[in-house]
Amino acid sequence: MGAGVPSLAIVSGSANVALASSIVRELGASLARCQVERFPDGEIHVEVEPEDVNGRDVVVVQSTSKDAGDHLLELLFLADACRRAGAASVSAAIPYFGYARHDRRKRPGEPLGARVVADVLGTAHFDRVLAIDLHSDVVEASIAAPVEHLSAVPLVADALRKHVTRDAVVVAPDLGGVRLAREYARILELPLAVVHKVRRSATHVDVERVAGEVSGRRAIIVDDMIATGGTIIAAAHAVSGEGALHEVVVAATHAVFAPQTVGRFREVGLEQLVVTNTVPLAAADHSVTVVSVAPLLAARLRSHFPGIVLGDP
Ligand code: R5P
């Protein structure tokens, strides 16, 4: 290590240790030692190995996926522990940013949850925040730290290629997803259609109309995230009602699946589902392709920390 050049240390929260491990593998090192545990009363206890972070540029990798509140707190505790142990800088890599969908109020009486989460993150004074396919620009703007907003779309689109035929059409399942879908359509050189969706509740979605030509075409329905699957299923029904082929291909960056989500897709002719590993996937079969975002994050870390030297804890 050159004099005065701090080396990098990657610390993992408990939300997605597999992803953090893949990132350090890409970088040719190992994770900084740390422990995360729950006390019987539900409180979180974390402890980093000071030797592994002292004097280093530290990146804490933590998706704030289920259980979002606990994972957020873990991230903050780990950041605090690293600073107190002498880290030269502390950044956060948040591959999936929980509560991002709470970026606007649909009714008076609701909070701006994404803003609250961003404010809470601000208390950790991260030197940098890396995120992937944030739900909206509003979320990025709410985060006080400099944000590196990465896109997994090129990676996912690449994995989609073998399921794409010339008669396919990329479908945005709602207006909020148009920008992302346009990017898929551009990369895959396919036309675009847009479903106008109305969300009635957290689990109930209705469709008003489809804009674009879908008749006789195979729909590639793309979204930033999938939770209950309601949005995708409503879109699949809508395009099928407009004459699209029964088989659909579905792609999303964040697989925030509720139980039964993939099973529900089979009922609407799922041929292939492509998602990334920003959130760990419990079970997958041949109809699910999981693309790793580890190379994307590792490449960005390399470019941020030029002359990167990884400590080998
Ligand atoms: C909504 O704006 C998001 O982009 C997704 O379309 C939505 O959150 C997916 O949720 P679900 O799968 O529960 O419909």
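An account of the accompanying structure is given in this report. Given the structure is predicted, the values throughout are model-derived calculations rather than measurements.

## Remarks on the overall build of the protein chain
A count of helical and extended segments in the protein chain gives ten helices and 14 strands. In summary, the protein chain has a C-alpha radius of gyration of 20 Å against a globular reference of 20 Å for 313 residues, a match within 12%. Seen through its principal axes, the protein chain has C-alpha atoms that stretch 65 × 45 × 35 Å. Relative to its full complement of 313 residues, the protein chain shows a buried share of 53%. The contacts in the protein chain between residues at least 6 apart in sequence include a share of 65% that link residues at least 24 apart. As displayed, the protein chain offers around 14000 Å² of accessible surface, 51% of which is attributable to carbon and sulfur atoms.

## Some points on the nonpolar core
Where a protein is soluble and globular, its nonpolar side chains tend to be buried together. One finds Ile-23, Leu-160 and Tyr-184 to be the most contacted residues of the largest nonpolar core, which totals 44 residues. By residue number, the principal contributor to this core is helix α7 (residues 178-188), which donates seven residues. Sequence-distant contacts of Tyr-184, defined by excluding residues within four places in its chain, comprise Val-153, Val-156, Ala-157, Leu-160, Val-170 and Val-222. Within the second largest apolar cluster, 36 residues are counted, among which are Val-48, Ala-114, Leu-121 and Leu-134.

## As for the site of the ligand
Near the ligand there are 14 residues, and of these Arg-101, Asp-223, Asp-224, Thr-228 and Thr-231 occur at the shortest range. A distance of 2.6 Å is found between an oxygen atom of the ligand and a side-chain nitrogen or oxygen belonging to Asp-224. Contacts to the ligand include Gly-229, whose backbone N or O atom sits 2.8 Å from an oxygen atom. Computed on the free molecule, the ligand has an accessible area of 380 Å², of which 92% lies beneath the protein chains in the complex. The set of elements that each furnish at least two residues to the shell around the ligand consists of β9 (192-199), β11 (218-226) and α8 (230-241).

## Digging into the sheet that holds strand β4 (residues 57-61)
Spatially, the five strands line up as an open sheet ordered β1-β4-β5-β6-β7, and their pairing is parallel. Looking at the sheet topology across the chains shown, the edges are occupied by β1 (8-12) and β7 (147-150). Sheet twist, expressed as the average angle between the axes of neighbouring strands with direction ignored, equals 20°. Sheet topology note: the strand β6 (residues 129-132)/β7 ladder contains four bridges and is parallel. Residue pairing for β7: Ala-131 is matched across the bridge by His-149. Where helix α1 (residues 17-27) meets the sheet, it contacts β1 and β4, and its direction lies at approximately 160° from that of β1.

Here is what the cut-offs are and how they apply
- Residues numbered from 1 in each chain as written.
- Predicted model: local features only at pLDDT ≥ 70, side-chain atom pairs only at ≥ 80, totals over all residues.
- Heavy atoms only, no water.
- Helix = DSSP H or I, 4+ residues; strand = E, 2+ residues; numbered from the N terminus.
- Rg over C-alpha atoms; globule rule 2.2 N^0.38 Å.
- Buried < 20%, exposed > 50% of the residue type's maximum accessible area, 1.4 Å probe, protein only.
- Contact = heavy atoms within 4.5 Å.
- Areas by Shrake-Rupley, 256 points an atom, 1.4 Å probe, with all protein chains shown as cover.
- Core = buried A, V, L, I, M, F, W, Y, C linked by side-chain atoms within 4.5 Å.
- Near = heavy atom within 4 Å.
- Polar contact = N/O pair within 3.5 Å; in protein donor to acceptor, adjacent residues only side chain to side chain.
- Pairing = 2+ DSSP bridges.
- Axes fitted to C-alpha atoms, helices over the stretch in contact; angles between N-to-C directions.

So yeah, pure geometry; function would need other evidence.
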